[in-house]
Amino acid sequence: MTLTKSLKMNELIATYGNVREEITAAGAALVAVSKTKPASQIMELYELGQRDFGENRVAELVEKHEQLPQDIRWHFIGHLQRNKVKAIAPFVYLIHAVDSERLLREIDKQALANDRQIPVLLQFHIAEEVAKYGLDAEAGKTLLRQLKEQPLTNAYIAGLMGMATYTDKEAQISAEFAQLQTTAKNYLASTFIGDDRFRELSMGMSGDYKIALAHGSTLVRIGSMLFGSR
Ligand SMILES: *Cc1c(COP(=O)(O)O)cnc(C)c1O
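The residue numbers shown here count from 1 along each chain, following its written sequence. Local features are withheld for residues below a pLDDT of 70 in this predicted model, meaning they are given only at 70 or higher, and side-chain atom pairs are given and counted only at 80 or more; totals for whole chains, interfaces and linings count all residues. Hydrogens and water are ignored here; the side-chain numbers use all heavy atoms of the structure.

Peer 1: What is the right way to read the overall build of the protein chain from this model?
Peer 2: Think of it this way: any DSSP run of H or I at least four residues long counts as a helix, any run of E at least two long counts as a strand, and we number them from the N terminus. Of regular secondary structure, the protein chain possesses nine helices and eight strands. Taken over C-alpha atoms, the radius of gyration is set against a globule rule of 2.2 Å times the number of residues to the power 0.38. Here the protein chain has a C-alpha radius of gyration of 18 Å; the compact-globule value for 230 residues is 17 Å, and the two agree. Each residue gets one of three labels from its accessible area relative to the maximum for its type: buried under 20%, exposed over 50%, partly exposed in between, using a 1.4 Å probe on protein chains only. Burial analysis of the protein chain (230 residues in total) assigns 47% to the buried set. In the protein chain, 59% of the contacts between residues at least 6 apart in sequence involve partners at least 24 apart. Summing over all exposed atoms, the protein chain offers an accessible surface of approximately 11900 Å²; the carbon and sulfur share of this is 51%. We call two residues in contact when some of their heavy atoms are within 4.5 Å. Methods summary: accessible areas were calculated by the Shrake-Rupley approach with a probe of 1.4 Å, and residue burial reflects only the protein chains presented.

Peer 1: Teacher, can you tell me more about helix α2 (residues 39–47) here?
Peer 2: For an α-helix, 3.6 residues make a turn, and residues three or four places apart therefore share a direction. Along α2, the positions that sit buried rather than exposed are I42, L45 and Y46. Seen end-on, α2 carries its buried residues on one side only, within an arc spanning 105°. Where α2 is buried, its residues meet α1 (3–25), β1 (29–33), β2 (52–55), α3 (58–67), β3 (73–76) and α9 (224–227). A positive backbone phi angle near 110° is found at G49, which sits one or two residues after α2. Here, the arc refers to the directions that run from the helix axis to the C-beta atoms.

Peer 1: What's the story with the pattern of salt bridges in this structure? I'm lost.
Peer 2: A side chain with one charge can pair with a side chain of the opposite charge if their charged atoms come near. For this document, the term salt bridge refers to a Lys or Arg side-chain nitrogen within 4 Å of an Asp or Glu carboxyl oxygen. In this structure the tally under the stated criterion is seven salt bridges. With a shortest N-O distance of 2.9 Å, K64 and E55 are connected by a salt bridge. For the pair formed by K64 and E55, the shared burial category is buried. Measuring nitrogen to oxygen at the nearest pair gives 2.9 Å for the salt bridge that ties E101 to R105. Separated by four residues within a single helix, E101 and R105 lie in helix α5 (residues 101–113), roughly one turn from each other. Judged by relative accessible area, which is 18%, R105 ranks as buried.

Peer 1: Looking at this structure, I do not really get the site of the ligand. What am I missing?
Peer 2: Around the ligand, the neighbouring residues are V33, K35, I77, M163, M205, S206, R221, I222, G223, S224 and R230. Backbone polar atom of G223 to an oxygen atom of the ligand: 2.8 Å apart, as the coordinates give it. Notes on the ligand: free accessible area 390 Å², of which the protein chains cover 89%. Across the shell around the ligand, the residue classes break down as five nonpolar, three polar and three charged. Near is defined per residue: the residue qualifies when any heavy atom it owns lies within 4 Å of the molecule or strand. Polar contacts here mean pairs of N or O atoms no more than 3.5 Å apart (in protein, one a potential hydrogen donor and the other a potential acceptor; neighbouring residues in sequence count only if both atoms are side-chain atoms). Three classes are used, and their members are as follows: Ala, Val, Leu, Ile, Met, Phe, Trp, Tyr, Cys and Pro are nonpolar, Asp, Glu, Lys and Arg are charged, and the others, Gly among them, are polar.

Peer 1: Can you walk me through the packing of aromatic side chains in this structure?
Peer 2: Geometry of an aromatic ring pair is reported as the spacing of the ring centres plus the angle between the planes. Aromatic pairs are defined between Phe, Tyr and Trp rings, using the six-membered ring for Trp, whenever the two ring centres lie within 6.5 Å; interplanar angles under 30 degrees are classed as stacked, those over 60 as edge-to-face, and all others as tilted. Inspection of the entire model under this criterion finds five aromatic pairs. Judged by centre distance (6.0 Å) and plane angle (75°), the rings of F124 and Y187 are edge-to-face. Residue F124 is found in strand β5 (residues 118–125), and its partner Y187 is found in helix α7 (residues 170–189); the two are separated by 63 residues along the sequence. Across the pair, Y187 and F124 agree in class, each one buried. Taken together, a centroid distance of 6.4 Å and an interplanar angle of 40° make the contact between Y187 and F198 tilted. Of this pair, Y187 sits in helix α7 while F198 sits in the loop between α7 and β7 (200–202), and the two are eleven residues apart along the sequence.

Peer 1: Help me understand α3, please; the structure alone is not making it clear to me.
Peer 2: If you check which residues of α3 are buried, you get V58, L61, K64 and H65. Seen end-on, α3 carries its buried residues on one side only, within an arc spanning 130°. Exposed and facing more than 90 degrees away from the buried side of α3 are A59, E66 and Q67. Buried positions along α3 lie against α2, β2, β3 and α4 (85–88).

Peer 1: What should I look at first to understand the packing of α5 against helix α6 (residues 137–149) in this one?
Peer 2: Think of two packed helices as two axes; the pair is described by the angle between the axes and how far apart they sit. At their nearest, the axes of α5 and α6 sit 11 Å apart, and the two run at 40° to each other. With respect to α6, the element α5 is oriented oblique. Considering how the two elements wind past one another, α5 and α6 form a crossing that is right-handed. Of the residues in α6, those in contact with E101, L104 and R105 of α5 are L143, Q146 and L147. Considered class by class, the residues forming the contact of α5 with α6 number three nonpolar, one polar and two charged. Comment: axis = line fitted to C-alpha atoms, over the contacting stretch for helices; angle = value between 0 and 180 degrees taken between N-to-C directions. Each angle gets one of four labels, with under 35 degrees taken as roughly parallel, over 145 as roughly antiparallel, 65 to 115 as roughly perpendicular, and the rest as oblique. Handedness of each helix crossing follows the sense of rotation of the near helix against the far helix: counterclockwise by less than a right angle gives left-handed, clockwise gives right-handed.

Given below as structure tokens:
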């Protein structure tokens, strides 16, 4: 190993150790976002004990799943197209960003075809930025009603996910995460009362995970802080 390489490795070990400890101490789990990063870099974290990795492109995820150890828990964190659900349904661990009934029905169907139960998170739009994806409060209610009328069989709602505005205004990020936490609490007290499968709140990235942890995040999705900028 070259000197610069071993120095970089020491840095990774320190950063990873610290962030994992901070997240675990808050009662949450770390999803290492490995999108665009090669298998070799994923293996460096794997060797340090990391098992949860997040990807946002289906083809890349499928390829990495084939190449890498089978005990990795693969999280799909990006926008998922319905015609690509089939490719990841056999192995995906958790789908983070579901925001339509049609997508949810397709995941349910492919989960059944694979004789699996697949957990998904409902993505809410909490940022002030205009975004294509994510439910608002009204759409969330509509989706819950649709699920009541026609329950899922093999997919299930394991919680909520959201992304805060990309800003350095901490008060704003905090308010957005607080809003999602409130929605999760309301869901837990109504539709999901007594359902212990509804327990995840996926929020927080490299730039705002500390704020997310303060608002009850259970899954933080960290990429650049571990792997360097993309
Ligand atoms: C890329 C990505 C992350 C990680 O972002 P970093 O700022 O690199 O930590 C988290 N969540 C989603 C949905 C992403 O697409």
